[in-house]
Amino acid sequence: MEPGNLHRQFNTVLQRAGLPTTIRFHDLRHSCATLLLDQGVPLVVVRDMLGHTQIGTTADIYGHVLPDSQRKAVAGLDALLGGDTNGDDDEEGDEESGEDDDDDETVP
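Given the structure is predicted, the values throughout are model-derived calculations rather than measurements. (Residues numbered from 1 in each chain as written. Predicted model: local features only at pLDDT ≥ 70, side-chain atom pairs only at ≥ 80, totals over all residues. Heavy atoms only, no water.)

Engineer: An account of a nonpolar patch on the surface is requested, with residue identities and associated values reported.
Structural biologist: A surface patch of nonpolar side chains, about 410 Å² in accessible area, is lined by M1, L6, F25 and L28. Relative to the helices and strands, L28 resides in helix α2 (residues 27–38). (Patch = residues over 30% accessible without salt bridge, like charges linked within 9 Å, V, L, I, M, F, W, Y side chains within 5 Å. Areas by Shrake-Rupley, 256 points an atom, 1.4 Å probe, with all protein chains shown as cover. Salt bridge = Lys/Arg side-chain N within 4 Å of Asp/Glu carboxyl O. Helix = DSSP H or I, 4+ residues; strand = E, 2+ residues; numbered from the N terminus.)

The structure is reproduced here in structure tokens:
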């Protein structure tokens, strides 16, 4: 398929879907990878799907998704092990650190 034809057809699809025509066809690749990682698909699988030869390339480009995925994984593990997923364990520590912060502000 000629690139110009693909671009025209893609813009037609975007318009029919009510999406901005500033979206590039290549953006679909990024969206797919981001959604896969957000769903917990292992980085190595996403790397293979994208055709990257080095996992570092995938991690560098899509690393912003990984911290949220790690939080989800820890929350799931915490729930599985019967831990407190509401974060109540940290409230007492937060109050103490908040009091210390207030004291620091009043010192000249």
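Once the structure has been displayed, the description carries forward.
Engineer: So what's going on with helix α3 (residues 43–50)? Which residues, and what values?
Structural biologist: Within an α-helix, residues lying three or four positions from one another point in the same direction, as the helix has 3.6 residues per turn. Every buried residue belonging to α3 is among L43, V46, R47 and L50, and all of these are buried. For α3, the angular spread of buried residues about the axis comes to 105 degrees, placing them on one side. Looking at the packing, one finds that the buried side of α3 touches α2, α4 (55–62) and α5 (66–80). Within two residues after α3, G51 carries a phi angle of roughly 85 degrees, on the positive side. (Buried < 20%, exposed > 50% of the residue type's maximum accessible area, 1.4 Å probe, protein only. Arc of directions from axis to C-beta. Contact = heavy atoms within 4.5 Å.)

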